[in-house]
Amino acid sequence: MIRNKSLAAFVLLFTFSSTTASAQSNWVAQFLNRYRSPAIDPASRVTPPVSDAPWRLMVQEGVLPVSVGDVIRLMLQSNLDVTVNRFSPLSSGYLVDTFLRPFEPTLNIGATIGRSSQPVASQLTAGAGVSAFQQLYHRYSIGYSQTLHSGTALEVDLFVNRRSDNNLFNTFNPSYSGTLSYQVTQPLLRNYGRSINDTAIRASLAITATFRRSTSKPK
């Protein structure tokens with residue numbers, strides 16, 4: 001009976017450890033995949049693959065009939081300048097996303113827990129049978145900040161403190177305290193208004209729109 005219980009406990013322990021190791025390895029792999037290059041190249045939609053399969057189908061008795069339009073098309077497909085220019089809208093889109101980053105909101109959450117112990121310095125506390133003053137404190141914080149396109153900066157912070165100790169003379173144990181602070185800043189001269197803060201974004205969008213009109217214009 002004891003042998004059967006030991007065998008069952010060993011099987012459960014082995015299964016639990018293997019499952020935990022597998023879950024941990026899967027979590028590590030998923031975390032590392034965020035920093036690896038994507039399986040699909042994002043530039044594939046602007047640089048179509050070049051293949052000679054369509055031309056092989058057009059070969060008739062060893063002769064390839066090519067028109068003037070086919071020659072122009074082949075020259076454009078083999079031109080590196082045309083291929084490089086196709087990346088301009090994609091790079092401009094990435095650049096616009098970079099310029100929008102300062103206007104994204106930020107959320108900060110923090111928590112601190114600590115314990116302290118020190119000898120008592122009061123005769124009243126020592127007479128109550130407390131030889132060491134022990135204190136446990138918690139501190140929680142949450143903050144939100146964002147910069148608007150008009151230049152307005154918003155910031156809100158909330159702090160909550162909790163403290164408990166073995167002091168018999170405290171009225172509230174545990175005791176709570178909190179602080180809420182907010183700040184709104186609006187520049188009046190420098191960096192005031194959308195016309196200043198969105199200059200780089202509008203310039204990038206204008207370059208992208210001009211490039212698209214020039215490339216889509218029929219020849």
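These figures come from a predicted structure and were not determined experimentally.

**Q** When you look at the pattern of salt bridges in this model, what are you seeing that I'm missing?
**A** Here the idea is simple: oppositely charged side chains can pair when their charged atoms come close. Summed over all chains, the structure comprises one salt bridge. Here R194 makes a salt bridge to D198, at a shortest N to O gap of 3.7 Å. Exposure remark for D198: the relative accessible area of 9% places this residue in the buried category.

**Q** I tried to follow the sheet that holds strand 2 (residues 132–147) on my own but got confused; where do I start?
**A** Consider a sheet: its strands pair through backbone hydrogen bonds, and that pairing is either parallel or antiparallel. Ordered in space as 1-2-3-4, the four strands form an open sheet in which the pairing is antiparallel. The sheet is open, and its two edges are formed by strand 1 (106–119) and strand 4 (175–185), each paired on a single side. Pairs of neighbouring strands in the sheet enclose a mean axial angle of 10°, with direction left out of account. Of the pairings in the sheet, the one linking strand 1 to strand 2 comprises 14 bridges and is antiparallel in character. Pairing of T112 across the sheet is with R139, part of strand 2.

**Q** I would appreciate a short explanation of the pairing of strand 3 (residues 153–165) in the present structure.
**A** The pairing of strand 2 with strand 3 spans 13 bridges and is classified as antiparallel. Across the sheet, the residue bridging to S141 is F159, located in strand 3. From the end of strand 2 to the start of strand 3, which pair antiparallel, there are five residues, and G151 there has a positive phi angle of about 100°. By the bridge criterion, 11 bridges tie strand 3 to strand 4 in an arrangement that is antiparallel. Within the sheet, the bridge partner assigned to R163 lies in strand 4 and is S175.

**Q** Mind showing me how you'd approach the side chain of D165 here?
**A** Mapped onto the elements, D165 comes out in strand 3. Of the side chains bearing the opposite charge, R163 lies closest to the buried D165, which forms no salt bridge; the N-O distance is 4.1 Å. Apart from the residues within four sequence positions on either side, D165 is in contact with F133, Q134, Q135, N170 and N173.

**Q** Help me out: how do you make sense of the environment of N161 in this one?
**A** By the secondary structure assignment, N161 is in strand 3. Residue N161 is classed as partly exposed on the basis of its relative accessible area of 25%. Taking the C-alpha atoms as reference, N161 lies 8.8 Å from S141; in sequence the two are 20 residues apart. When residues no more than four places from it in sequence are discounted, the contact partners of N161 are H138, R139, S175, Y176 and S177. Among the polar contacts made by the side chain of N161, one reaches the side chain of R139 at a distance of 3.2 Å.

What counts and what doesn't
Residues numbered from 1 in each chain as written. Predicted model: local features only at pLDDT ≥ 70, side-chain atom pairs only at ≥ 80, totals over all residues. Heavy atoms only, no water. Salt bridge = Lys/Arg side-chain N within 4 Å of Asp/Glu carboxyl O. Buried < 20%, exposed > 50% of the residue type's maximum accessible area, 1.4 Å probe, protein only. Pairing = 2+ DSSP bridges. Helix = DSSP H or I, 4+ residues; strand = E, 2+ residues; numbered from the N terminus. Axes fitted to C-alpha atoms, helices over the stretch in contact; angles between N-to-C directions. Lys, Arg positive; Asp, Glu negative; His and termini not counted. Contact = heavy atoms within 4.5 Å. Polar contact = N/O pair within 3.5 Å; in protein donor to acceptor, adjacent residues only side chain to side chain.

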